[in-house]
Each structure stands twice: as structure tokens, then as C-alpha cells.
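The residues making up each chain are set out below.
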Amino acid sequence: MFRYIRGTLAELYPDFAVIDCGGVGFRLTVSGTTFAALSPLYGSEAKLFSYMAVREDAAELYGFADEDELSAFKRLIAVPGVGPKAAMSVLSAFTPGALAAAVAASDAKSITRANGIGLKTAQKIIIELKDRLASELSVSPAEDGFSAAASGSGGDAVDALAVLGYSRTEAVEALRGINPSLPLEEIIGQALKKLAKI
């Protein structure tokens, strides 16, 4: 219903923000990540991408600092058994990029760091999102010099780095020289070390 809401950041709490838009205060539930992004903007103009969840007994607005977080939220609530509250808990523990990396690495244990997310739910998130992330961030072999980037660990590594905000070119360059037979989390870790030095 609302694409985004822009106005004065009138109130800010760890779990919600109030945006004053033309004299109307919109209360939006926010993640820890969005809370951190909004903190320097208290009392000034802020823009939150929004999602409205409607239940039989209530309608609630959710606010996100950027479209990547909104997209991650939508993907999470599409997972059976994961509602808006659980999705916000995950996004309070992970940035969208870090979540994508955890999903790509099938790291259910790290996803359980999110409050209220058990191992079964974390595994379900991985099963449901892994293919979606791969299809949304597909890489054609022509774009990619990494020996296994069209499939397997290489493709997953490029996908994870792209979600973290790196361009395809940067991701492929960072992956050069890394053994594609290594575990995915190690490939991503080595690539991130290289990128940190650039």
C-alpha cells in the first residue's frame, strides 16, 4: 500500500520509529539494523521503505532503511512458519548481505543467533531461500572468470558477495586465485579479506 514514508523522524526506539508526515505520525516496526541507520537522523528527515502486514485483528507497518532489507523481509515471510516478527528478529541479527552469506553457506547455526529462531526454522529458511537467492542473483558464465562461478561454490560465492554490495566484477576479481574446491564459507572469507584490502 505504501512504497515508502518520508518525513521527520519524531520518535525512535530499538523496535519502532515514528515518522511525522504532514502532521500524521506513522509508527513503523524496525529491525536493529534500521534502528542503527536511523539513529543519526533523529529529529531530521528520514525515509523508510515500508511493508504493511494485515491480520484479522490488526494492521502493522514495517519500516526498512533500504530496499535490500525490505526485499530480505519479503523473502523471509514467504518461508512457511516465518511471520513478520520472526523476520524482523532475523534482520536484527543479520544485514541482508550477511543473511545471504549464511544461507549460501547453509550455516543454520549462525541463523539461530536471531532471537526466537530455532534450528528447525533456520534450516527451513536455508532450504526455502537458497534457490531463490541463486535465481535472483544468477551469474552467466560470460560475466565470470572464476572457474566454478557458473555453478557450485563459485556461483554461490559470487552471489553472496553481490548481495553484500560488491559488483560482479569486484566479486569475480576477489575470487581469482582462490581454490574453488574449498568450503563455501572459506571461499567467501578469503574473498572478503582481499576486498577489505582494496
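That block above? That's the structure.
Let me begin by describing the structure that accompanies this report.

1. Thoughts on the overall build of the protein
Broken down by element type, the protein carries nine helices and five strands. Each helix and strand of the protein, placed in order from N terminus to C terminus, yields the pattern β-β-β-α-β-β-α-α-α-α-α-α-α-α. Scored against the burial criterion, the 198 residues of the protein give a buried share of 40%. Sequence-distant contacts, at least 24 apart, represent 49% of the contacts inside the protein between residues at least 6 apart. Of the roughly 10200 Å² of accessible surface on the protein, 53% is carried by carbon and sulfur atoms.

2. Description of the pattern of salt bridges
Tallied over the entire structure, the rule returns two salt bridges. Among the salt bridges present, the one from glutamate 67 reaches arginine 3, with a minimum N-O distance of 2.1 Å. Here glutamate 67 is found in helix α2 (residues 67-77), whereas its partner arginine 3 is found in the segment before β1 (4-12), with 64 residues between them in sequence. Accessibility expressed as a relative area gives 41% for glutamate 67, which makes it partly exposed. Take arginine 3: its relative accessible area is 46%, and that puts it in the partly exposed class. A salt bridge links aspartate 57 to arginine 55; its shortest N-O distance comes to 3.4 Å. Taking relative accessible area as the criterion, aspartate 57 reaches 64% and is therefore assigned exposed.

3. Quick notes on the side chain of threonine 34
Relative to the helices and strands, threonine 34 is located in helix α1 (residues 32-38). Within the structure, the side chain of threonine 34 is placed 3.1 Å from the backbone nitrogen of alanine 65, a separation counted as a polar contact. Among residues more than four places away in sequence, those in contact with threonine 34 are Leu48, Gly63, Phe64, Ala65 and Glu69.

4. Considerations on the sheet that holds strand β2 (residues 16-21)
Spatial strand order, β1-β2-β3-β5-β4: five strands in a closed barrel with mixed pairing. Averaged over all pairs of adjacent strands, the angle between strand axes in this sheet comes to 55 degrees, irrespective of strand direction. Of the strands in this sheet, β4 (45-54) and β5 (59-64) are in contact with α2, which crosses β4 at around 10 degrees. Where helix α3 (residues 84-93) meets the sheet, its contacts fall on β3 (24-29), β4 and β5, and the angle it forms with β5 comes to roughly 15 degrees.

5. A look at the nonpolar core
Within the largest apolar cluster, 26 residues are counted, with the highest numbers of intra-cluster contacts made by Leu76, Val90, Leu99, Ile111 and Ile125. Residues within four places of leucine 99 in sequence aside, it is in contact with Leu76, Val90, Leu91, Phe94 and Ile111. Core analysis: the second largest hydrophobic core is formed by 16 residues, Ala101, Ala157, Ala160 and Ala191 among them.

6. Focus: the environment of aspartate 156
Tracing the chain through its elements places aspartate 156 in helix α7 (residues 152-163). Residue classification places aspartate 156 among the partly exposed residues on the basis of a relative accessible area of 22%. Put simply, aspartate 156 and glutamate 185 are 29 residues apart on the chain and 9.9 Å apart in space, counted from C-alpha to C-alpha. In this structure, aspartate 156 is in contact with Ala104, Lys130 and Leu184, ignoring residues within four places of it in sequence.

7. As for helix α4 (residues 96-104)
Of all nine residues in α4, eight are buried, a share of seventy percent or more. Those residues of α4 not exposed but buried are Pro96, Gly97, Leu99, Ala100, Ala101, Ala102, Val103 and Ala104.

Each value, and the rule that gives it
Residues numbered from 1 in each chain as written. Predicted model: local features only at pLDDT ≥ 70, side-chain atom pairs only at ≥ 80, totals over all residues. Heavy atoms only, no water. Helix = DSSP H or I, 4+ residues; strand = E, 2+ residues; numbered from the N terminus. Buried < 20%, exposed > 50% of the residue type's maximum accessible area, 1.4 Å probe, protein only. Contact = heavy atoms within 4.5 Å. Areas by Shrake-Rupley, 256 points an atom, 1.4 Å probe, with all protein chains shown as cover. Salt bridge = Lys/Arg side-chain N within 4 Å of Asp/Glu carboxyl O. Polar contact = N/O pair within 3.5 Å; in protein donor to acceptor, adjacent residues only side chain to side chain. Pairing = 2+ DSSP bridges. Axes fitted to C-alpha atoms, helices over the stretch in contact; angles between N-to-C directions. Core = buried A, V, L, I, M, F, W, Y, C linked by side-chain atoms within 4.5 Å.

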